[in-house]
Amino acid sequence: MSPNASAKARAYRLDVTDAAETAAVFRRAADWMGGLDLLAANAGISTMNPVVDLTEEEWDANMAVNAKGVFLSNREAVRHFLAAGAGGAIVAPRIDARLHEPRPNRDEDTRLKQAGRPVLEAGPGVTDTGLTEPDRLPTSRRARTSTAIRPVMSWRFARRIRPASCSGARRTMTVRFEPTRAIDIAALLDGGDAATDRAVAEVLASHGGAVVTGFAGAGDLDGRMAEALAFFRMEREAKLSCAVRRYAPGHANLYRGFHPSWEAPGSPRKESFDIGPEPPLTSPDVPGAESFREANVWPGRDPVPGWRDTMLDLQRLLRDLAVTLMASVARGLGLAEERLLAPARGRNATLRLLRYTAPGGPDRGEIGEIGDGRRAVAEAHVDTGLLSTIWQDAAGGLQLRGPDGVWREAPVVAGGLSLHCGDLMAALTGGRLAGTLHRAVARNGERHSVGFFLEPDFETGVVAPRGGAAVSYARHLVNEFPGRFEAPKAA
Ligand SMILES: [Fe+2]
């Protein structure tokens, strides 16, 4: 840059293979610059070894930086462009220098174009670094790198393995689940839209839930969620610093904080981090409900810079969305808005980060396969509260059962949240809606989700789905989960 230039620059250290760190650094940079207009993701490495000598570790390292790193940075930039509604430019340092026009069949290009400016991918060509100087390579390696890897070899290999993997997949695909519907609720941002109100209310009544998109904050929602999940990548000791007393004797917190996974018959293999209202709410004097007054308990250090503030911002964003949806549902059902807004008007809500570490199975007292080779990692249940929104990572697997008894699967949609009803909606809507039975399934490996649960304040009077007199929400929780919120009894 010319020394006479008036532009300012700032550098941030970033591990480009880390999604949460990428999201955090992009947010910090965008905050400092007042937005983001252009990205040139040019971090790259090469160990320069020929294929016969290449180790798996080298391969993984090269792919993590050169492929995944560029993907993560591009994805984060596009999320910022979309959120700002102004488009942007991505300079792709490609060796085969080309300038791309927006491609109409590419969804992200189209969305960016609609946002006001086309995305550009410009290839400035070879960057003059040591990677491109053949003389730096030993002669033997030069010869082999130029001839050893040809596309035809990859193609033949792919042909050879495809039949085996496909036949295996076919054997297990015996049950298919139709997806829950997706509803764009952008029209609600302007204060209400009768068609959207009806669509939301009707899908909750007929299917128990839907995926909603187009809400405020949807543009960079996935980045925020990736940042949220950075909690689980901390060392176990760091996570245990905020564990609930059941797993960390001496800790004061019983409810909010870290719930580790544990090995016991019938236990789901999952860990979670629970965030409540801040500052904490008061709670009526109900035995077993003392922990409802707990303040949040945070890890000793943020897993990524600004994490705690990001979590509280996320909680506010999701609370605003859920309250907006409560009003929409009321209008869609032809009820007075106040009927559904009154119990939602306080501050209570729970934001829960979840990491499922492995599927359950019959040996663990959990339900077995659901018919397509997957197993439940969260048994079917109804949430306690008003409305729930669930974000899930690419593993997906959230399923909702409608009043018609049909299980449907919430598709993973960029910037989308799965919406369903808590148990209090039955009485609030005079039986028009009901708490939605739902479960989570997975084939193998990890699954992450972030649940947001809109709840009445603890003093608010509520009526259980089975009817009866109104009780405080604190009493309702204790009735539904006896002993869950109490200190463990001494042995
Ligand atoms: Fe749930």
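Residues numbered from 1 in each chain as written. Predicted model: local features only at pLDDT ≥ 70, side-chain atom pairs only at ≥ 80, totals over all residues.

**Examining the overall build of the chain**
What counts, and what does not: Numbering of helices and strands starts at the N terminus; helices are DSSP runs of H or I of at least 4 residues and strands are runs of E of at least 2. Exposed residues have 12 or fewer other C-beta atoms within 10 Å of their own C-beta, buried residues have 20 or more, and residues in between are partly exposed; the C-beta atoms are placed from the backbone. The contact criterion used here is simple: two residues whose C-beta atoms, placed from the backbone, lie within 7 Å are in contact.
Across its full length, the chain holds twelve helices and 18 strands. Per-residue burial over the chain gives 36% buried out of 491 residues. Of the contacts made within the chain by residues no fewer than 6 positions apart, 72% connect residues no fewer than 24 positions apart.

**With respect to the sheet that holds strand β12 (residues 398-401)**
Put simply, the test is: When DSSP finds at least two bridges between two strands, those strands are taken to pair. Only the contacting stretch of a helix is used when fitting its axis, a line to C-alpha atoms as for every element, and angles between N-to-C directions run 0 to 180 degrees.
Read across the open sheet, the four strands follow the order β10-β15-β12-β13; overall the sheet is antiparallel. The open sheet has two free edges, formed respectively by β10 (375-381) and β13 (407-409), since each of these has just one partner strand. Each neighbouring strand pair of the sheet contributes to a mean axis angle of 25°, computed without reference to strand direction. Pairing geometry for β10 and strand β15 (residues 437-442), over four bridges, is antiparallel. Across the sheet, R375 pairs through a bridge with A442, a residue of β15.

**Comments concerning the environment of E271**
Tracing the chain through its elements places E271 in strand β8 (residues 270-275). Residues E271 and L354, 83 residues apart in the sequence, show an inter-C-alpha distance of 6.0 Å.

**Section: the packing of helix α7 (residues 221-228) against helix α9 (residues 307-333)**
Put simply, the rule is: For this classification, under 35 degrees means roughly parallel, over 145 means roughly antiparallel, 65 to 115 means roughly perpendicular, and everything else is oblique. By the definition used in this description, the sense in which the near helix is turned from the far one sets the handedness, with an anticlockwise turn below a right angle giving left-handed and a clockwise turn giving right-handed. Three categories are distinguished: nonpolar for Ala, Val, Leu, Ile, Met, Phe, Trp, Tyr, Cys and Pro, charged for Asp, Glu, Lys and Arg, and polar for the others, with Gly belonging to the last.
It is at 10 Å that the axes of α7 and α9 come closest, and there the two elements cross at 130°. Between α7 and α9, the interaxial angle falls into the category oblique. As for the relative orientation of α7 and α9, their crossing is left-handed in sense. For the pair α7 and α9, the contacting residues are R224, E227 and A228 in the first and W307, T310, M311 and L314 in the second. Residues belonging to the contact of α7 with α9 are distributed by class as follows: four nonpolar, one polar and two charged.

**Let's talk about the pairing of strand β9 (residues 349-356)**
For β9, the buried fraction is high: six of the eight residues fall into the buried class. The pairing of β8 with β9 spans six bridges and is antiparallel. Residue pairing for β9: F273 is matched across the bridge by L353. Here eight bridges tie β9 to strand β16 (residues 447-454), and the two strands are oriented antiparallel to one another. Among the inter-strand pairings, A349 is bridged to a residue of β16, identified as L454.

**Let's talk about the pairing of β16**
The element β16 is largely enclosed, with a buried count of seven among its eight residues. Where strand β11 (residues 387-392) and β16 come together, five bridges link them in antiparallel fashion. When the sheet's bridge partners are listed, T389 is paired in β16 with F452.

**Some words on the sheet that holds β11**
Within the open sheet, the eight strands sit side by side as β5-β6-β14-β11-β16-β9-β8-β7. Their pairing is mixed. Edge strands, defined here as strands with exactly one partner in the open sheet, are β5 (182-184) and β7 (257-259). The average angle at which neighbouring strand axes cross in this sheet is 25°, direction not considered. Sheet analysis places β5 next to strand β6 (residues 209-213), joined by three bridges and oriented parallel. In the sheet register, A182 faces β6, and the bridge partner there is V211.

**Focus: the nonpolar core**
Just so we agree on the cut-off: Note on terminology: a nonpolar core is a set of buried residues of type Ala, Val, Leu, Ile, Met, Phe, Trp, Tyr or Cys, with members joined through C-beta atoms within 7 Å.
Grouped together as the largest cluster of nonpolar side chains are 96 residues, with contacts concentrated most on M326 and V329. Element by element, the count of residues in this core is highest for α9, at eleven residues. Apart from the residues lying within four places of it in its own chain, the contact partners of M326 are L340, L341, A344, L386 and L387.

**Looking at the confidence of the model for the chain**
Using the following cut-off: The predictor attaches a confidence to each residue, and that confidence, scored 0 to 100, is pLDDT.
On average, residues of the chain score 80 in pLDDT, and 76% of them reach the 70 mark or higher. Within the model, the stretch residues 132-173 combines pLDDT values under 50 with 15 contacts to residues more than four positions away or in other chains. Throughout residues 361-366 the model reports pLDDT below 50, and contacts reaching past four residues in sequence, or to other chains, amount to twelve contacts.

**Points about the packing of helix α6 (residues 194-207) against α9**
At a closest axis distance of 7 Å, the pairing of α6 and α9 adopts a crossing angle of 90°. When the axis of α6 is compared with that of α9, the two are roughly perpendicular. Touching T196, D197, R198, V200, A201, E202 and L204 of α6 are L325, S328, V329, R331, G332 and L333, all from α9. Here the contact of α6 with α9 is composed, by residue class, of six nonpolar, three polar and four charged.

**Focus: α9**
Our working rule: The span expected for a helix works out to 1.5 Å for each residue beyond the first.
Its 27 residues give α9 an end-to-end C-alpha distance of 38 Å, which sits within 8% of 39 Å, the value for a rise of 1.5 Å per residue. Positive phi shows up at G334, right after α9, with a value of about 80°.

**Description of unusual backbone geometry**
E278 connects to P279 through a cis peptide bond whose omega is 0°. Inspection of the secondary structure assignment puts P279 in the loop between β8 and α9.

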